[in-house]
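Residues per chain are reported as follows:
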Amino acid sequence: MRVRLSLPLAAIAIVAVVGVATVLIATHHSAEALPGNVHSRSVSNFAGQELSPRKPAPSFGALRNYLGEKVSLAAYRGKAVFVTFLYTHCPDVCPLITAELHNTLARLGPRRSRQLRIVAVSVDPHRDTRQAVSEFLQAHGMTGRMKYLIGGAHELAPVWEAWNVGSEPDSVNPEFVAHSALIYGISAKGLLTTIYPSNFNPSQIVHDLPKLLND
């Protein structure tokens, strides 16, 4: 698997740590529980896995980003939205997802990038502090380009449940978080439409963006 990281990350180290894990996620991502009991379709015009039936994407409740700003999917009608679940101390998959989202924006260019929004939701309420998120976004070149939502466990848990996202301490390394590692594509009408594995290729989102805007 070729992973292209345009950011000044330790790319080789990241790929080595991810190794088999991302392959397993890519193989089994369509079998993960999805919001609203939707399921993926094997035949689709999308580069990502298309979901059926189309349902409104779950809300983010009262969550705010690390700057204290409220983030609402309803405010993004008319744009495609890509949602993922991360944590700042993640050693492998989260930096990989963030790097490829950065690469996606680079491929789209400034004008087309304005047609989409990227939202990350924390799966680590204890360590994803405002400072930690600020440093994470800066390190990955995503400051001002990714809305990173944080909150207490009581605020995040309902959102995890609505999105069918698991979040629990890793059984082998409790300092890490075992969590779902998908990227969810939401159409301009606010409908949950596609999913992508953690090792997605930026070309998939570049291909699907016009369809998500017009679907």
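Please refer to the structure placed before this passage.
Let me begin by describing the structure that accompanies this report. Worth saying up front: this structure is predicted, and the values here are computed from it rather than measured.

Quick notes on the rules
- Residues numbered from 1 in each chain as written.
- Predicted model: local features only at pLDDT ≥ 70, side-chain atom pairs only at ≥ 80, totals over all residues.
- Heavy atoms only, no water.
- Buried < 20%, exposed > 50% of the residue type's maximum accessible area, 1.4 Å probe, protein only.
- Helix = DSSP H or I, 4+ residues; strand = E, 2+ residues; numbered from the N terminus.
- Pairing = 2+ DSSP bridges.
- Polar contact = N/O pair within 3.5 Å; in protein donor to acceptor, adjacent residues only side chain to side chain.
- Contact = heavy atoms within 4.5 Å.
- Salt bridge = Lys/Arg side-chain N within 4 Å of Asp/Glu carboxyl O.
- Phe/Tyr/Trp six-rings, centres within 6.5 Å; stacked < 30°, edge-to-face > 60°.
- Axes fitted to C-alpha atoms, helices over the stretch in contact; angles between N-to-C directions.
- Parallel < 35°, antiparallel > 145°, perpendicular 65-115°, else oblique.
- Left-handed = near helix turned anticlockwise from the far one by under 90°.
- Nonpolar A, V, L, I, M, F, W, Y, C, P; charged D, E, K, R; others polar.

### Remarks on the pairing of strand 10 (residues 191-196)
Line of reasoning, step 1. For strand 10, the buried fraction is high: 5 of the 6 residues fall into the buried class.
Line of reasoning, step 2. Direction of pairing for strand 2 (residues 49-56) relative to strand 10: antiparallel, over a ladder of 4 bridges. Within strand 10, the residue paired with Q49 across the bridge is I195.
Line of reasoning, step 3. Across 4 bridges, strand 9 (residues 183-186) lies against strand 10 in antiparallel orientation. Counted as the bridge partner of Y184 is I195 from strand 10.

### Some remarks on the side chain of Q204
Line of reasoning, step 1. Summarising the element assignment, Q204 is placed in helix 5 (residues 202-214).
Line of reasoning, step 2. Among the polar contacts made by the side chain of Q204, one reaches the main-chain amide nitrogen of N201 at a distance of 2.8 Å.
Line of reasoning, step 3. If sequence neighbours within four positions are ignored, Q204 has contacts with A47, G48 and Y196.

### A word on the pattern of salt bridges
Line of reasoning, step 1. With the rule as written, the count across this model stands at 3 salt bridges.
Line of reasoning, step 2. Notably, a salt bridge pairs K147 with E69, separated by 3.7 Å at the nearest N-O pair. Of this pair, K147 sits in strand 6 (residues 147-150) while E69 sits in the loop between strand 3 (64-65) and strand 4 (80-86); the two residues are 78 residues apart in sequence, bridging distant segments of the chain.
Line of reasoning, step 3. By relative accessible area, K147 is classed as partly exposed at 28%.
Line of reasoning, step 4. By relative accessible area, E69 is classed as partly exposed at 37%.
Line of reasoning, step 5. Measuring nitrogen to oxygen at the nearest pair gives 2.9 Å for the salt bridge that ties R127 to D124.

### Here we look at unusual backbone geometry
Line of reasoning, step 1. A cis geometry characterises the amide bond from S52 onward to P53, with omega recorded as -5°.
Line of reasoning, step 2. With respect to the helices and strands, P53 occurs in strand 2.
Line of reasoning, step 3. Positive phi, normally seen in glycine, also occurs at N164, with a value near 55°.
Line of reasoning, step 4. Note on placement: N164 falls in the loop between helix 4 (153-162) and strand 7 (167-169).
Line of reasoning, step 5. Of the residues examined, N164 reaches a relative accessible area of 34% and is grouped as partly exposed.

### A few points about the packing of aromatic side chains
Line of reasoning, step 1. Taken as a whole and assessed by the stated rule, the structure comprises 6 aromatic pairs.
Line of reasoning, step 2. Aromatic pair F60 and W163: ring centres 6.1 Å apart, planes at 10°, arrangement stacked. With a gap of 103 residues between them, F60 in the loop between strand 2 and strand 3 and W163 in the loop between helix 4 and strand 7 connect regions that are remote in the sequence.
Line of reasoning, step 3. The class of F60 is buried, set by a relative accessible area of 2%.
Line of reasoning, step 4. Given the relative accessible area of 0%, W163 is considered buried.
Line of reasoning, step 5. Considering the side-chain rings of F136 and Y148, the 6.0 Å spacing of their centres and the 75° angle between planes classify their relative orientation as edge-to-face. You can see F136 sitting in helix 3 (residues 130-139) and its partner Y148 sitting in strand 6, a full 12 residues away along the chain. Comparing F136 with Y148, the two get one shared label, buried.

### Here we look at the side chain of E100
Line of reasoning, step 1. You can see E100 is positioned in helix 2 (residues 93-113).
Line of reasoning, step 2. In this structure the side chain of E100 is engaged in a polar contact, spanning 2.8 Å, whose partner is the side chain of N103.

### Quick look at the packing of helix 2 against helix 5
Line of reasoning, step 1. The interhelical angle for the contact between helix 2 and helix 5, taken along N-to-C directions, is 40°, at an axis separation of 8 Å. Compared by their axis directions, helix 2 and helix 5 come out oblique. The way helix 2 lies across helix 5 gives a crossing that is right-handed. Residues E100, L101, N103, T104, R107, L108 and R112 of helix 2 form the contact with helix 5, whose participating residues are P202, S203, I205, V206, L209 and P210.
Line of reasoning, step 2. In terms of residue class, the contact of helix 2 with helix 5 is made up of 7 nonpolar, 3 polar and 3 charged.

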